[in-house]
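# Summary of structural features
One letter stands for each residue in the lines below.
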Amino acid sequence: MDEIVSRIAETLSGTVRVPGDKSVSHRALMFGALAAGETRIVGLLEGEDVLATAAAMRALGSHVERRDNGDWHVRGCGLGALAEPDDILDMGNSGTAARLLMGLLATHPITTTMTGDASLRSRPMERVLTPLRQFGAHFDGAAGGRLPLTVSGASQPIPIEYQPPVASAQVKSAVLLAGLNTPGETTVIEPVATRDHTERMLIQFGAEVTTEVLEGGGRRITIVGEPELTAGDVAVPADISSAAFPMVAALLVPGSRLRLNGVGLNPLRAGLPETLRDMGAHIDEENIRGGDGEPIADLAVTAGALRGIEVPAERAPSMIDEYPILAVAAACAEGTTVMRGLAELRVKESDRLAAMAKGLAACGVDLEEGEDYLIVHGVGTPPKGGATIDSGLDHRIAMAFLVLGMFSREPITVTGAETINTSFPGFVGMMNGLGAHLAPA
Ligand code: S3P
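Residues numbered from 1 in each chain as written. Predicted model: local features only at pLDDT ≥ 70, side-chain atom pairs only at ≥ 80, totals over all residues. Heavy atoms only, no water.

A separate point is the pairing of strand β4 (residues 63-66). Sheet analysis places β4 next to strand β5 (residues 72-75), joined by four bridges and oriented antiparallel. Bridge assignment links E65 to a residue of β5, and that residue is H73. (Pairing = 2+ DSSP bridges. Helix = DSSP H or I, 4+ residues; strand = E, 2+ residues; numbered from the N terminus.)

Before going further, it helps to examine the sheet that holds strand β22 (residues 388-390). Note: strands within a sheet are paired through backbone hydrogen bonds, in either parallel or antiparallel orientation. Strand order in this open sheet of four strands is β22-β23-β1-β24, and the pairing throughout is mixed. Edge positions in the sheet fall to β22 and β24 (437-440), since each of these pairs with one other strand and no more. The sheet shows a mean angle of 25° between the axes of neighbouring strands, direction not considered. (Axes fitted to C-alpha atoms, helices over the stretch in contact; angles between N-to-C directions.)

Quick look at the domain arrangement of the chain now. Split by domain assignment, the chain resolves into domain 1 (3-20 + 237-440) and domain 2 (22-224). Each of domain 1 and domain 2 was reduced to a C-alpha centroid, and the two centroids are 28 Å apart. The largest per-residue losses of area from domain 1 upon contact with domain 2 belong to L268, R269 and T422, which jointly make up 25% of the total buried on that side. For the pair domain 1 and domain 2, the number of links is three salt bridges. In this structure, the connection of domain 1 to domain 2 is made through 15 residue pairs in polar contact (both at pLDDT 80 or more). Considered class by class, the residues forming the side of domain 1 that touches domain 2 number ten nonpolar, eight polar and nine charged. (Domains from an automatic or database assignment. Buried area = accessible area lost by both parts, 1.4 Å probe. Salt bridge = Lys/Arg side-chain N within 4 Å of Asp/Glu carboxyl O. Polar contact = N/O pair within 3.5 Å; in protein donor to acceptor, adjacent residues only side chain to side chain. Nonpolar A, V, L, I, M, F, W, Y, C, P; charged D, E, K, R; others polar.)

Turning to helix α13 (residues 427-434), its buried residues number three or more, namely F427, M430, M431 and L434. Buried residues of α13, seen end-on, are gathered within an arc of 95° and therefore sit on one face of the element. Facing away from the buried side of α13 by over 90 degrees, the exposed positions are G429 and G433. Next to the buried residues of α13 lie β2 (13-16), α8 (240-252), β15 (257-264), α12 (395-405) and β24. Just past α13, the residue G435 takes up positive phi, approximately 130°. (Buried < 20%, exposed > 50% of the residue type's maximum accessible area, 1.4 Å probe, protein only. Arc of directions from axis to C-beta. Contact = heavy atoms within 4.5 Å.)

The geometry of a pair of packed helices is captured by two quantities: the angle between their axes and the separation between those axes. Following both chains from N to C, one finds helix α3 (residues 95-106) and helix α5 (residues 126-134) inclined at 15°, their axes separated by 10 Å at the closest point. The orientation of α3 relative to α5 falls into the category roughly parallel. The element α3 and its partner α5 pack so that their crossing is right-handed. In this structure, α3 contributes R99, M102, G103 and A106 to the contact, and α5 contributes R127, V128 and L132. (Parallel < 35°, antiparallel > 145°, perpendicular 65-115°, else oblique. Left-handed = near helix turned anticlockwise from the far one by under 90°.)

What follows deals with the packing of aromatic side chains. Counting across every chain of the model gives three aromatic pairs. Seen in terms of ring centroids, F245 and F427 are 6.4 Å apart; in terms of plane orientation they differ by 85°. Their pairing is edge-to-face. Of this pair, F245 sits in helix α8 while F427 sits in helix α13, and the two are 182 residues apart along the sequence. Comparing F245 with F427 shows no difference in burial state: the two are buried. Relative to F427, the ring of F424 lies with its centre 5.2 Å away and its plane at 70°, an arrangement referred to as edge-to-face. Take F424 and F427: they sit in the same class, and that class is buried. (Phe/Tyr/Trp six-rings, centres within 6.5 Å; stacked < 30°, edge-to-face > 60°.)

Okay, the pairing of strand β12 (residues 209-213) next. The sheet contact formed by β12 and strand β13 (residues 219-224) spans five bridges and is antiparallel. Residue pairing in the sheet places V209 in a bridge with I223 of β13. Counted along the chain from β12 to the antiparallel partner β13, the turn is five residues long, and its residue G216 has a positive phi close to 95°.

For the rest of this paragraph, the subject is the sheet that holds strand β6 (residues 89-90). Judged by pairing direction, the sheet is mixed, and its four strands sit side by side in the order β6-β7-β9-β8 without closing on themselves. Edge positions in the open sheet fall to β6 and β8 (138-141), since each of these has one partner strand only. Sheet topology note: the β6/strand β7 (residues 111-115) ladder contains two bridges and is parallel. The residue bridging D90 from the neighbouring strand is T115, located in β7.

This paragraph deals with the nonpolar core. Judged by nonpolar contacts, the single largest core of 81 residues is most densely connected at L260, L276, M339, L360, L374, F401 and F427. Per-element accounting of this core gives the leading share, ten residues, to α8. For L374, the contacting residues outside a window of four places in its chain are A327, T337, V338, M339, L342, L353, M356, A357, L367, E368 and E369. (Core = buried A, V, L, I, M, F, W, Y, C linked by side-chain atoms within 4.5 Å.)

Here we come to the environment of E161. Assignment of secondary structure puts E161 in strand β10 (residues 161-162). For the pair E161 and P273, spaced 112 residues apart in sequence, the C-alpha to C-alpha distance is 34 Å. A polar contact of 3.3 Å, which involves the side chain of E161, links it to the side chain of R220.

With that settled, the discussion passes to α5. Within α5, the full set of buried residues consists of R127, V128, L129, P131 and L132. Elements that come into contact with the buried residues of α5 comprise α3, β8, β9 (149-152), β10 and α6 (169-180). Of the residues flanking the end of α5, it is G136, one or two places downstream, whose phi is positive at about 115°.

In this section: the packing of helix α9 (residues 271-278) against helix α10 (residues 323-332). Two elements in contact, α9 and α10, have axes whose closest approach is 11 Å; the angle formed by their N-to-C orientations is 10°. Comparing their axes, α10 and α9 come out roughly parallel. When α9 is examined against α10, the residues L272, T275 and L276 are found in contact with a partner set consisting of I325, L326 and A329. Of the residues belonging to the contact of α9 with α10, the class tally is five nonpolar, one polar and no charged.

Structural data, given as structure tokens:
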């Protein structure tokens, strides 16, 4: 297991582009694999999670190739033409890959077994199995709806209307993807809007997807089944969820100035910069571009004091992956930061509420943990640090504590740091290039 120690950083400065967006990368590979023709993907995240999706789409019959210039080319096998793989699909650490693929497989008349690493095998899958059974799919596996699972896709799928009980883009996407190879209209009603990369990209590939914004901010999304999906080019923005780590590091380490180029700023993902600005952060958006696909901008970040705030609970879906690093910012801010509506954090790559509460407490931070909340009492000066934190197979826990170590009075060591490669290959080198001191322990 890799152990990395993070010592107090120099002033962070420079211009970087963090790797491609994980959510967009998974979808680009999956939709390319279903489309007629060749899809070229520029800026694909080459993290382990996305490589698991690439391998799965190959095993299901499409041609997926990385060219020497870093572009990826996918020649699809056509909607409805996924081939039965001759081995188990191993989705590694990736809940997104597993759940979205379950949706696709649910309405293809093939039988597939899927597994994952210890983290993924402990995560709830019933949330997608419940609606996917309604299409006519069958699932066999251990009790409690955990991987490994065998899915037998429906040969004559029935379209459904479904209201997920949890705010989850993965559940929404699994249902919409099952609706792709189903005649008629499939509808998802989400009481709270979640990231809409699936809807945006499916439209780009030629599917008919309509979104009605409901009173109170929820959405009713309908997809017309059996579209002709047409291959095209996909440019993957830099991942806001990865940018979050250098962003917070630059806010905390005195004197830092950082430019983060080409960051995806989908409004349903942009909760962190908004929250940090509420805490007093200087984060400017420059060169805003994009359009129908995904909006992007360059972010200019300048260090400065942060103050504690009450984070609106309804903002949680737009920054659900950013709470570990937000908790680090809160630990270094002056005053109390209240974060509520966080039940979903308990079923991410690890129980992130417990991991942050335990790790921050070990670093000398005063906090309160509840079933679905975290309250952090910052004092505006660097925390003690000095702890050893186990990543627990969770890349964002690992990176959050390495960032805290850049500002703490004593170094912080993270064990199991190789998990960072699931979403942010090159994290250590990039941060050191900006002025951090991360080194093997
Ligand atoms: C993702 C959705 C989120 C997020 C995950 C990626 C996606 O999960 O935590 O990292 O790509 O759809 P939920 O939708 O289950 O909250």
